[in-house]
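Here's the letter readout for the chains.
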Amino acid sequence: MSEFDIWNYRPSTGYRQGVDLVGYKVEATDGAIGKIDKHSEDVGSSYLVVDVGIWIFGRRVLLPAGTIELIDTAEKKVYVDRTKEQIEAAPDFDEAKHGGEPDYLEQFTRYYGQPHM
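To start, this report covers the structure provided alongside it.

### Regarding the pairing of strand S2 (residues 31-40)
Turning to step 1, where the next piece is worked out: Note: strand S1 (residues 25-28) against S2, four bridges, orientation antiparallel. Bridging across to S2, valine 26 finds its partner in glycine 34.
Turning to step 2, where the next piece is worked out: Hairpin connection from S1 to S2: two residues lie between these consecutive antiparallel strands.
Turning to step 3, where the next piece is worked out: Linkage of S2 to strand S3 (residues 47-51), two consecutive antiparallel strands, is achieved through a turn of six residues, within which glycine 44 is found at a positive phi near 85°.

Now the structure itself:
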């Protein structure tokens, strides 16, 4: 079995650097979960920030790039290998902590179950 890094896009996703994923819908294994607010292409720490809330009660969660199974640019959808319940239970994304705390991504590494190298 080959090992993959949860913080990098899998080659099989169809990911192409430079494609803006903001606004794409996110599909969990059991249905639609939200829309992408932000995405990172940083090697070794690539991720999506997904708005899973309703209207002004928005809540944003971070999904490491390794959770992505497929990116459909024609439909503007990203399919991930987690359920809606798993995504909704993920830690909240905090923009201030992300920028200011070097170990911030570690909580997501632990939650999604992969050691971050």
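### Let's talk about the pairing of strand S5 (residues 68-72)
Turning to step 1, where the next piece is worked out: As paired elements, S5 and strand S6 (residues 77-80) share four bridges and run antiparallel to each other. Bridge pairing in S6 places leucine 70 opposite tyrosine 79.
Turning to step 2, where the next piece is worked out: Taking the residues that link successive antiparallel strands as the turn, the S5-S6 hairpin has four residues, and the phi of lysine 76 there is positive, at about 55°.

### A few points about the packing of aromatic side chains
Turning to step 1, where the next piece is worked out: Per the stated rule, a full pass over the model turns up five aromatic pairs.
Turning to step 2, where the next piece is worked out: Look at tyrosine 104 and phenylalanine 108: their rings are 5.4 Å apart centre to centre, the planes differ by 70°, and that puts the pair in the edge-to-face class.
Turning to step 3, where the next piece is worked out: Counting every residue linked through ring pairs, the aromatic cluster contains Tyr47, Phe93, Tyr104 and Phe108.

### As for the sheet that holds S1
Turning to step 1, where the next piece is worked out: Ordered by their spatial adjacency, six strands build an open sheet running S4-S3-S2-S1-S6-S5, and the pairing between neighbours is mixed. In this open sheet, the two edge strands, each paired with only one partner strand, are strand S4 (60-64) and S5. Going across the sheet, the axis of each strand differs from the next one's by a mean of 35°, ignoring polarity.
Turning to step 2, where the next piece is worked out: In this structure, S3 lies alongside S4, joined through five bridges in antiparallel fashion. Among the inter-strand pairings, valine 49 is bridged to a residue of S4, identified as leucine 62.

What counts and how
- Residues numbered from 1 in each chain as written.
- Predicted model: local features only at pLDDT ≥ 70, side-chain atom pairs only at ≥ 80, totals over all residues.
- Heavy atoms only, no water.
- Pairing = 2+ DSSP bridges.
- Helix = DSSP H or I, 4+ residues; strand = E, 2+ residues; numbered from the N terminus.
- Phe/Tyr/Trp six-rings, centres within 6.5 Å; stacked < 30°, edge-to-face > 60°.
- Axes fitted to C-alpha atoms, helices over the stretch in contact; angles between N-to-C directions.

Honestly, that's just the spatial picture; any functional story needs more than this.
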